Amino acid sequence: MVDSWQKEESERLGDYYIFRLRRDRSRSPQTGESHEFYVLEAPDWINVIPVTPDGQVVLIRQYRHGVGEVTLEIPGGMVDEGEGDPLETARRELLEETGYEAAEIVQIGVVAPNPAFLNNACYSFLARDVRPVRAPQFDGTEYIELELAPLEAIPELIRSGRINHALTVAAFYHLDHFRQS
């Protein structure tokens, strides 16, 4: 049986806007030995699959500094401090990044992005019957282009590697499961 480790101490090492770095010392329940672990404390994230009335998915293309390339993905972002409800973040991010609003937004899943060293969750939403209502309003460092793709084309976009953002792939998995329920 796998047991939880006992945290002996915890120290905040830095605050870097999108995450904080923490060092924990924890004791192994199997050996009794103590080890250090590093945890990125991050706000929860959301992503949104926006689908138009005629079955087109509104995708976004943007440069990602972590991989040094332009990626094709769905709108998403951080749950801002004080925002609280991931559904409200989903509405805000959809409008900011695409200029679209949805007739309905439903939560379709949640994942732990990387529980080995991240402490947050990523909530996936389906935005139904989205329509453009204004121009997108990007954050200061964002530049996003929109691309529409038929919902039935998404599996091939994932298979071909055109969509390779893990949280976007997870959201489409949740959508597939949601549609089968």
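Just so you know, these numbers come straight off a predicted model, no measurement behind them.

Concerning helix 3 (residues 166-180)
Structural remark: α-helix, 3.6 residues per turn; residues separated by three or four positions point the same way.
Then comes step 1: In this model, helix 3 (15 residues) spans 21 Å end to end at C-alpha, consistent with the 21 Å of a helix rising 1.5 Å per residue.
Then comes step 2: Restricting attention to buried positions, one finds in helix 3 the residues Leu167, Thr168, Ala170, Ala171, Phe172, His174 and Leu175.
Then comes step 3: For helix 3, the elements touching its buried residues are strand 4 (45-50), strand 5 (56-64), strand 6 (69-73), strand 9 (104-111), strand 10 (122-128) and helix 2 (154-159).

Thoughts on unusual backbone geometry
Then comes step 1: Of note, the phi angle at Tyr17 is positive, near 70°, even though the residue is not glycine.
Then comes step 2: Accessibility expressed as a relative area gives 72% for Tyr17, which makes it exposed.
Then comes step 3: For Asp129, which is not glycine, the phi dihedral falls at a positive 55°.
Then comes step 4: If you trace the backbone, Asp129 turns up in the loop between strand 10 and strand 11 (131-132).

The rules behind each value
Residues numbered from 1 in each chain as written. Predicted model: local features only at pLDDT ≥ 70, side-chain atom pairs only at ≥ 80, totals over all residues. Heavy atoms only, no water. Helix = DSSP H or I, 4+ residues; strand = E, 2+ residues; numbered from the N terminus. Expected span 1.5 Å × (residues − 1). Buried < 20%, exposed > 50% of the residue type's maximum accessible area, 1.4 Å probe, protein only. Contact = heavy atoms within 4.5 Å.

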